Amino acid sequence: MSRGHAHGLTGVEEVAAGDSPIHRLDPRAKIIGLIGVVLVTVSTPEGAWPAFAAYGVLLLALWAIARLPLGHVLRRMVIETPFLIAAGFLVLVRGPVAGGTLAVRITLSVLAVILLSSSTPFPDLLRGFQRLRAPALIVMIVAFMWRYLHVIGDELRRMRIAREARGWRPRTLWQARGAIGATIAALFIRSLERGERVHLAMTSRGYAGGVPSGMVVPLTLRRADLAFVAGLAAWLASVRVVLG
């Protein structure tokens, strides 16, 4: 499980570090443009199927330009499954139009976020949010979370190898539940201890919160970035007015 988790994180980074016209855009342009797609999508009235189809065409065109692997996108789309189940329940409560609209909104929004995260290396994404004046505390929390997901995944992998080296081979979920609980508890304790050590190491080196000014890489909006945002805005406004 941990090996797959670590591989998944590495796979996202490899795809985000690719080269395409979308990858080369300023992260601020992609953040504004693709989050704008999400906001317009969720605000479109129920049953406006032509408008939703137009948003889908736009996202598919961006996916093709970004040259993202189909398998990568489909694996990331799995995250919407619980929300689609909720949309299925909504069909029973309010009818197929309401449930179908919710499902389409979820799918398009998730696809937009996947395009953003899969075409922008994570450090660049954080810099983009910083330059857009996102709350500094939230940006720092997300940065540490992303960094230590790798650390925790590696710790979990070592624990799994240690269990298997001792001959642990559960045949049923009932047999595995005790070991899974112990693993979660041990992982929590180890993560807490590691966090305390890291905090002490950082404060001893003068860390006082935030990103040191010397580490902030400047960003420059180019004509291609402005054209990207303007093009998305024009498409979304036209669709919203004419079809929404």
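Presented here is a report on the structure given in the accompanying data block. (Residues numbered from 1 in each chain as written. Predicted model: local features only at pLDDT ≥ 70, side-chain atom pairs only at ≥ 80, totals over all residues. Heavy atoms only, no water.)

**Some remarks on the overall build of the chain**
Within the chain, the secondary structure is distributed over ten helices and zero strands. Taken from N to C terminus, the helices and strands of the chain fall in the order α-α-α-α-α-α-α-α-α-α. Counting across all 244 residues of the chain, residues that qualify as buried make up 33%. If you take every contact in the chain between residues at least 6 apart in sequence, the share linking residues at least 24 apart comes to 82%. (Helix = DSSP H or I, 4+ residues; strand = E, 2+ residues; numbered from the N terminus. Buried < 20%, exposed > 50% of the residue type's maximum accessible area, 1.4 Å probe, protein only. Contact = heavy atoms within 4.5 Å.)

**Overview of the packing of helix α3 (residues 49-66) against helix α6 (residues 96-118)**
One way to put it is that α3 packs onto α6 with a least axis distance of 10 Å and a crossing angle of 20°. Regarding the angle of α3 to α6, the classification is roughly parallel. For α3 against α6, the interelement crossing comes out left-handed. Here W49, F52, Y55, G56, L59, L62 and W63 of α3 come into contact with α6, specifically with V97, G100, T101, V104, R105, L108, L111, A112 and L115. Here the contact of α3 with α6 is built from residues that sort into twelve nonpolar, three polar and one charged. (Axes fitted to C-alpha atoms, helices over the stretch in contact; angles between N-to-C directions. Parallel < 35°, antiparallel > 145°, perpendicular 65-115°, else oblique. Left-handed = near helix turned anticlockwise from the far one by under 90°. Nonpolar A, V, L, I, M, F, W, Y, C, P; charged D, E, K, R; others polar.)

**Looking at unusual backbone geometry**
In this structure, R67 takes a positive phi of about 55° despite not being glycine. Inspection of the secondary structure assignment puts R67 in the loop between α3 and α4 (70-77). Residue R67 is classed as exposed on the basis of its relative accessible area of 55%. Of note, the phi angle at R133 is positive, near 65°, even though the residue is not glycine. Structurally, R133 is set in the loop between α7 (122-131) and α8 (136-165).

**Section: the packing of aromatic side chains**
Here the distance between the centres and the angle between the planes together describe a pair of aromatic rings. This model, assessed by the stated rule, comprises two aromatic pairs. Each ring, one from W49 and one from F52, has its centre 6.1 Å from the other, and the planes form 50°; the classification is tilted. Of the two residues, W49 and F52 both sit in helix α3, three residues apart, roughly one turn of that helix. Among the residues examined, W49 registers a relative accessible area of 38% and is labelled partly exposed. (Phe/Tyr/Trp six-rings, centres within 6.5 Å; stacked < 30°, edge-to-face > 60°.)

**So, helix α2 (residues 27-43)**
For α2, spanning 17 residues, the distance from its first C-alpha to its last is 24 Å, which sits close to the expected 24 Å at 1.5 Å a residue. Where the residues of α2 are buried, they touch α3, α6, α7 and α10 (223-242). For α2, the capping residue at the N-terminal end is D26, with a side-chain oxygen 2.8 Å from the backbone nitrogen of R28. (Expected span 1.5 Å × (residues − 1). Polar contact = N/O pair within 3.5 Å; in protein donor to acceptor, adjacent residues only side chain to side chain.)

**Structural notes on the environment of L187**
Tracing the backbone shows L187 in helix α9 (residues 173-204). Dropping the residues within four chain positions of it, L187 is found in contact with I152, E155, L156 and M159.

**Overview of the nonpolar core**
In this structure, Y55, L59, L62, L115 and F228 are the most contacted members of the largest nonpolar core, which totals 39 residues. Taken together, the elements giving at least two residues each to this core come down to α1 (2-16), α2, α3, α4, α6, α7, α8 and α10. The residues contacting L62, other than those within four sequence positions of it, are I22, L34, L115, F228 and L232. (Core = buried A, V, L, I, M, F, W, Y, C linked by side-chain atoms within 4.5 Å.)

**Observations regarding the pattern of salt bridges**
Tallying each qualifying case throughout the model produces five salt bridges. Between R94 and E46 there is a salt bridge, with its nearest N and O atoms 3.0 Å apart. Of the two residues, R94 sits in helix α5 (residues 81-94) while E46 sits in the loop between α2 and α3, which places them 48 residues apart along the sequence. Linking R222 and D225 is a salt bridge whose minimum nitrogen-to-oxygen distance equals 3.4 Å. Exposure remark for R222: the relative accessible area of 40% places this residue in the partly exposed category. (Salt bridge = Lys/Arg side-chain N within 4 Å of Asp/Glu carboxyl O.)

**Observations regarding a nonpolar patch on the surface**
A cluster of nonpolar side chains, I85, F89, L92 and V93, forms an exposed patch at the surface whose accessible area comes to about 490 Å². Mapping L92 onto the fold places it in helix α5. A relative accessible area of 71% places L92 in the exposed class. (Patch = residues over 30% accessible without salt bridge, like charges linked within 9 Å, V, L, I, M, F, W, Y side chains within 5 Å. Areas by Shrake-Rupley, 256 points an atom, 1.4 Å probe, with all protein chains shown as cover.)

**Quick word on the environment of R24**
Relative to the helices and strands, R24 is located in the loop between α1 and α2. Classification of R24 as partly exposed rests on a relative accessible area of 45%. Taking the C-alpha atoms as reference points, R24 and A224, separated by 200 residues in sequence, lie 9.3 Å from one another. In this structure the side chain of R24 is engaged in a polar contact, spanning 2.7 Å, whose partner is the side chain of D19.

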